[in-house]
Amino acid sequence: MKALRLAAAGLGHSPVRTLLTTLGLANAVAGGLTFYGFTRDTYWGLAESFARSGNGHVQIANAGWFDAPAPEQLRVDHARLDRVRTTLSTDALIAPHLLTSTVRRSVMGMLVANGRSAVFLGQGTDPAAEALLAPLAQPVSGGALDPAVPEGVLLGAPLAARLGVGPGDTVTAMVTTDDGLTNAMDLVVLGTTLTGAVELDRAYVSLPLDTALKLTAGSSADALLLGLNDTQDTAAVMTQVSHVLARPEFLGLDARPWFERATYYVAVRALYDRIFGVFEVLMVAVTLLSLSHAMGAVVTERRAEIALLRVVGLRRRDVAAIFVAEGTLLGLLGCAVGGALAVAISTGVYLAGGIPMPPPPGFSVGYAAQVRLDAIGFAIVLPVTFAAAVLGSALPAWRASGVGAARGLMGLSVVLLAVLAHPVSAAPVSALPADSSNQRCIVDVRIAEPGKPPSNWRLATHGDDRLVVSTSLAAGRRQAVLEQRGEAGGTWFHTEAMAEPLRIGLAQRLLGPISVGDVLDPRGADGWDMAPLDGLSLASAHGLRCPEARG
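Quick caveat, the model's predicted, so the values are computed rather than measured.

Concerning the overall build of the chain
Item 1. Each helix and strand in the chain was counted, giving 15 helices and 21 strands.
Item 2. Considering only intrachain contacts with a sequence separation of at least 6, the fraction spanning at least 24 residues in the chain is 71%.
Item 3. Taken as a whole, the chain presents about 26300 Å² of accessible surface, with 61% of it coming from carbon and sulfur.

And the structure:
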């Protein structure tokens, strides 16, 4: 909790950098969620375009029909498929999800009109169910199939244009029957349509199932198609359909969901999954680099603060925890702002009616893209970005924890001069506690040397660690000395003109000339006149012991 409080205070010290870093993380989150929402809408659109363009959500046929190179040889008697249709429509677990169903039979042949001819691919279907099974088919002219007109057909608009016919005109269909003979029948064009698939529209013909069977002189059909109220119900319906088809009277029949028949959907989804994966990797990399850069700049700017934290007793892992906590807070802020921004983008796109998109390859009709956000998207993007933010702060945090007090002496001197305007009051030595190992104190001392002007110093202590900063020298000439005890301790000297502090060896302290380092230990300062400031006793100055603990 202390690390979080210090991290929050640190973020507040640099509001501009905090804002820019948060916006950078928010941009990554919003971009990831927006792209996820776009891909999800693409998946949804492809699924709906396949299932609601006449292909159905579930197809039931002979077990070998789906993958056969010549599926027309594995058709099923349409009466048997009708029995399956009736059974499914009355099943208590399937009926609530079932929108419509139809038995379908494909027909291939030649259409002739106005001295022109064209190959056609016909689909015999239930006229009453067709409008519900293919709601995405776009009417161009005329009307839909009519059960009252059994010879009525619906043509693809490109096919009708090639034959030069329209609603009310008559075309002649010539096909090969199931017995291998040739049959012809006059059909009435009720209207033209666009299924959305360019190649299919050039040969598309929709006609009643009875007319297709009559034209082919057959009694078999290809498959039973089920249209559902909601595409999300496909898996549940498939499970129950499999139970029904396991009955002895339906032995040999099999069911396939729409996504196993939509090869284009599978290919596009695989492509988009790879693109989304690459985008996620790039987003993580950008987040790591941007936050590492921002936190690295913070570490550089706050070296004096880090040194002060080390002087007053914080361990290396404590300092690292502060910067990791800052990265954590930035990650939380970025995820929150980015999530809200993504929701705003999604809502704005929806209110605007979507993003106009061109027709996909092989299709003739464009669509309006949306940004569909869901809990899965947030569960993917937010944790990934948050983890990247924490990891991005780890390296700068480790660097920060390695910044010893000696590396930030001059910066620390500025902190002491600017912030600590008044030293603590001192008391006689007799009033001080016997154990001062955990005392923290800051006092001012004046040193008068014969023949030289007096100099003033500010001393900070935490236990046995001592820091001395000059307060009377001009800017640019100020000095600082740090003495740390323990196995990794030592004495460092630093001036504002030096790039790095200089470590003072033991021999230099014992044999060298008197230096400012002796302020820390006046035992070698013979001839120095040390006078306290503000009535501070010389003994308490030398001992650096303070009756009031400073946090």
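Remarks on the pairing of strand S1 (residues 58–62)
Item 1. Of all five residues making up S1, four are buried, and the element is well covered by its neighbours.
Item 2. In terms of strand pairing, S1 meets strand S12 (residues 253–257) through five bridges, oriented antiparallel. From the neighbouring strand, asparagine 62 faces S12, where its bridge partner is leucine 253.

A word on the packing of aromatic side chains
Each aromatic ring pair is described using two quantities: the centre-to-centre distance and the angle formed by the ring planes.
Item 1. Going through the model one piece at a time under the given rule, you end up with three aromatic pairs.
Item 2. Here the aromatic rings of tryptophan 65 and phenylalanine 66 are separated by 5.4 Å at their centres, their planes lie at 75 degrees, and the arrangement is edge-to-face.
Item 3. Note on phenylalanine 66: relative accessible area 7%, which makes it buried.
Item 4. These aromatic residues form a ring-pair network of at least three members: Trp258, Phe259 and Tyr265.
Item 5. Over the ring of tyrosine 43 we find arginine 269; its NZ or CZ atom is 4.3 Å from the centre of that ring.
Item 6. Its guanidinium or amino end placed over the ring of tryptophan 44, arginine 372 lies 3.9 Å from that ring's centre, counting from NZ or CZ.

Section: the environment of glycine 338
Item 1. Within the fold, glycine 338 resides in helix H11 (residues 316–351).
Item 2. What makes glycine 338 buried here is its relative accessible area of 0%.
Item 3. Glycine 338 sits 313 residues away from leucine 25 along the chain, and the two C-alpha atoms are 7.2 Å apart.
Item 4. Residues in contact with glycine 338, not counting those within four places in the same chain, are Ala26, Val29, Ala30 and Leu33.

Some details on the pattern of salt bridges
Item 1. Here the structure, examined in full by the defined rule, presents 10 salt bridges.
Item 2. A salt bridge links glutamate 48 to arginine 52; its shortest N-O distance comes to 2.4 Å. Of this pair, glutamate 48 and arginine 52 both sit in helix H2 (residues 15–55), separated by four residues, roughly a single helical turn. Comparing glutamate 48 with arginine 52, the two get one shared label, buried.
Item 3. A cluster of three or more residues bridged by salt bridges with shared partners is formed by Asp67, Asp254 and Arg256.

Details of the nonpolar core
Item 1. Core analysis: the largest hydrophobic core is formed by 23 residues, its most contacted members being Ile60, Val84, Leu88, Leu224, Leu226, Val241 and Leu245.
Item 2. When residues of this core are traced back to their parent elements, those giving at least two are S1, helix H3 (78–89), strand S3 (98–113), helix H7 (209–216), strand S11 (223–228), helix H8 (234–245) and S12.
Item 3. Top element by residues in this core is H8. It accounts for five residues.
Item 4. Every residue in contact with valine 84, bar those within four places of it in the chain, is listed here: Ile60, Leu224, Leu245, Phe250 and Leu253.
Item 5. Listed in part, the 21 residues of the second largest apolar core include Leu111, Ala173, Val205 and Leu215.

Things to note about unusual backbone geometry
Item 1. Non-glycine residue asparagine 114 carries a positive phi angle of around 55 degrees.
Item 2. By the element assignment, asparagine 114 lies in the loop between S3 and strand S4 (116–125).
Item 3. Using a relative accessible area of 57% as the deciding quantity, one classes asparagine 114 as exposed.
Item 4. Of note, the phi angle at alanine 217 is positive, near 55 degrees, even though the residue is not glycine.
Item 5. Position of alanine 217 among the secondary structure elements: in the loop between H7 and strand S10 (220–221).

So, H2
Item 1. Between its first and last C-alpha, H2 extends 57 Å over 41 residues, near the 60 Å set by a 1.5 Å rise per residue.
Item 2. With its phi angle positive at about 80 degrees, glycine 56 sits one or two positions after the end of H2.

Focus: the environment of methionine 174
Item 1. Relative to the helices and strands, methionine 174 resides in strand S7 (residues 170–176).
Item 2. By relative accessible area, methionine 174 is classed as partly exposed at 36%.
Item 3. Ignoring anything within four residues of it in the chain, the contact list for methionine 174 reads Gly109, Met110, Val112, Phe120, Asn183 and Ala184.

Notes on the confidence of the model for the chain
Item 1. In the predicted model, the chain carries a mean pLDDT of 77, and 73% of its residues have values of at least 70.
Item 2. Mean pLDDT per element in the chain: helix H15 (residues 538–543) is the minimum at 39, and S7 is the maximum at 95.
Item 3. Segment residues 414–437 is flagged for pLDDT under 50; beyond a separation of four residues in sequence, or across chains, it makes 48 contacts in the model.
Item 4. Scored below 50 in pLDDT, residues 510–551 shows 90 contacts in the model against residues more than four places distant or in partner chains.

Some thoughts on a nonpolar patch on the surface
Item 1. The grouping of Val16, Leu19, Leu20, Leu23 and Val337 at the surface amounts to a nonpolar patch, some 470 Å² of accessible area in total.
Item 2. Considering each element in turn, the nonpolar patch owes the most residues, four residues, to H2.
Item 3. Residue position: valine 16 is located in helix H2.
Item 4. Since its relative accessible area comes to 58%, valine 16 is described here as exposed.

Examining H7
Item 1. Of all the eight residues making up H7, six are buried; the element is thus mostly covered by neighbouring parts of the structure.
Item 2. Listing the buried residues of H7 in full gives Leu209, Thr211, Ala212, Leu213, Leu215 and Thr216.
Item 3. Phi for alanine 217, located one or two positions after H7, is positive at around 55 degrees.

Remarks on the side chain of glutamine 59
Item 1. Along the chain, glutamine 59 turns up in strand S1.
Item 2. A polar atom in the side chain of glutamine 59 sits 3.0 Å from the backbone oxygen of asparagine 55.
Item 3. Filtering out sequence-adjacent residues up to four positions away, glutamine 59 remains in contact with Trp65, Phe66, Leu224, Leu225, Asp254, Ala255, Arg256 and Arg261.

Quick notes on the rules
- Residues numbered from 1 in each chain as written.
- Predicted model: local features only at pLDDT ≥ 70, side-chain atom pairs only at ≥ 80, totals over all residues.
- Heavy atoms only, no water.
- Helix = DSSP H or I, 4+ residues; strand = E, 2+ residues; numbered from the N terminus.
- Contact = heavy atoms within 4.5 Å.
- Areas by Shrake-Rupley, 256 points an atom, 1.4 Å probe, with all protein chains shown as cover.
- Buried < 20%, exposed > 50% of the residue type's maximum accessible area, 1.4 Å probe, protein only.
- Pairing = 2+ DSSP bridges.
- Phe/Tyr/Trp six-rings, centres within 6.5 Å; stacked < 30°, edge-to-face > 60°.
- Lys NZ or Arg CZ within 6 Å of the ring centre and 35° of its normal.
- Salt bridge = Lys/Arg side-chain N within 4 Å of Asp/Glu carboxyl O.
- Core = buried A, V, L, I, M, F, W, Y, C linked by side-chain atoms within 4.5 Å.
- Expected span 1.5 Å × (residues − 1).
- pLDDT = per-residue confidence, 0-100.
- Patch = residues over 30% accessible without salt bridge, like charges linked within 9 Å, V, L, I, M, F, W, Y side chains within 5 Å.
- Polar contact = N/O pair within 3.5 Å; in protein donor to acceptor, adjacent residues only side chain to side chain.

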